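# Working through the structure, step by step
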Amino acid sequence: MATAKYIVGNWKLHGNAQENAARLAALKERCRPDDALAVCVPFPYLAQAQQALQGSTIGWGAQNVSEHAKGAFTGEVSAAMLADFGCGCAIVGHSERRSLYGEDDATVARKAQAVAEAGMTPIVCVGETLAERERGETAQVVTRQLAAVLAHVSAETKRRLVIAYEPVWAIGSGRAASEEDVHEVHAMLRGQLEQAGVTGTRLLYGGSVKASNAGALLNIADVDGALVGGASLDAEEFLAIAQAARV
Ligand code: 13P
């Protein structure tokens, strides 16, 4: 049973077979059995992750999924297809999906339900833009995004949810949210979940997490792990974050 905080790498649109092989081999070789790590890779490399990580405790998953089970949806990948060969988790509602591909709260909620129904863990992202933060709307935006999911999904899905707070302005900017901001939002999300009767949910922070700030961020109350973008592409960095996550 893993005791460390949950560290998930989101590779986004990066990698190739050769690079991935080296990165996955390094993670497999150097992670510890009680680390709780996962990598979310582009669809074509899921099978590579599955094979390379066999015999390790590192999970692997997708960065998106179709809200539909099957049908005439060219280019889509269903949750059942992912589950078919052992995929463990899928990110849904990443801010890049919301802003670049028009995913709204209702779509994100349907995707979370699809992922959980297939037996996987939905990692649902929430977070405000810089403009929303500056307008003082952080609490409103983040609670609206979570409420849409809680209103739609089944009781069983609620038990499987992982929530990632990713302030949009902190993603890829090199500037993580302050410890105070993270603490405030995570406490609010925890309260909202508990009010909905959902306890024990893992709350991840994402946005410019790297080896140098992981210890401080992971030490904040109600931070149960991290969703890591850029730093997950560097095995050394990712392993250093994993080390900071050991409790
Ligand atoms: P960075 O760690 O590169 O800021 O990305 C965060 C992210 O979007 C993870 O999903």
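Further up the page is the structure itself.
To continue, consider the pattern of salt bridges. Using the criterion set out here, one finds 16 salt bridges in the structure. With a shortest N-O distance of 2.8 Å, Glu236 and Arg30 are connected by a salt bridge. Of the two residues, Glu236 is situated in helix H11 (residues 235-244) and Arg30 in helix H1 (residues 17-30); the sequence distance between them amounts to 206 residues. Note on Arg30: relative accessible area 41%, which makes it partly exposed. We note a salt bridge from Glu156 to Arg160, for which the minimum N-O separation is 3.3 Å. With a gap of four residues between them, Glu156 and Arg160 both fall in helix H8 (residues 155-160), about one helical turn apart. The partly exposed category is assigned to Glu156, whose relative accessible area is 38%.

Moving on to the pairing of strand E2 (residues 36-40). Summarising burial for E2: five of the five residues are buried, a large majority. Of the two faces of E2, the one lined by Ala36, Ala38 and Cys40 and the one lined by Leu37 and Val39 are each fully buried. Bridging between strand E1 (residues 6-10) and E2 involves five bridges; their strand directions are parallel. Across the sheet, Asn10 pairs through a bridge with Cys40, a residue of E2. Assessed by its sense of winding, the connection that carries the chain from E1 through H1 to E2 is right-handed. In this sheet, strand E3 (residues 59-62) lies alongside E2 in parallel orientation, the contact comprising three bridges.

Here is what the cut-offs are and how they apply
Throughout, residues of each chain are indexed from 1 in the direction in which the sequence is written. Thresholds applied to this predicted model are a pLDDT of at least 70 for local features of residues and 80 or more for the giving and counting of side-chain atom pairs; totals over whole chains, interfaces and linings are not thresholded and use all residues. Here the side-chain values reflect all heavy atoms present in the structure, with hydrogen atoms and water set aside. Here a salt bridge means any side-chain nitrogen of Lys or Arg lying within 4 Å of a carboxyl oxygen belonging to Asp or Glu. Helical segments are the DSSP runs of H or I of at least four residues, strand segments are the runs of E of at least two, and each set is numbered from the N terminus. The cut-offs for exposure are 20% and 50% of the maximum accessible area for each residue type, with area from a 1.4 Å probe on protein chains only; residues under the lower value are buried, those over the upper are exposed, and the others partly exposed. DSSP calls a pair of strands paired once it identifies at least 2 bridges connecting them. For the handedness criterion, the strands are oriented away from the viewer, and a crossover whose path from the first strand over the helix to the second runs clockwise is classed as right-handed.

Functional significance is not addressed by these values, which are geometric in nature.
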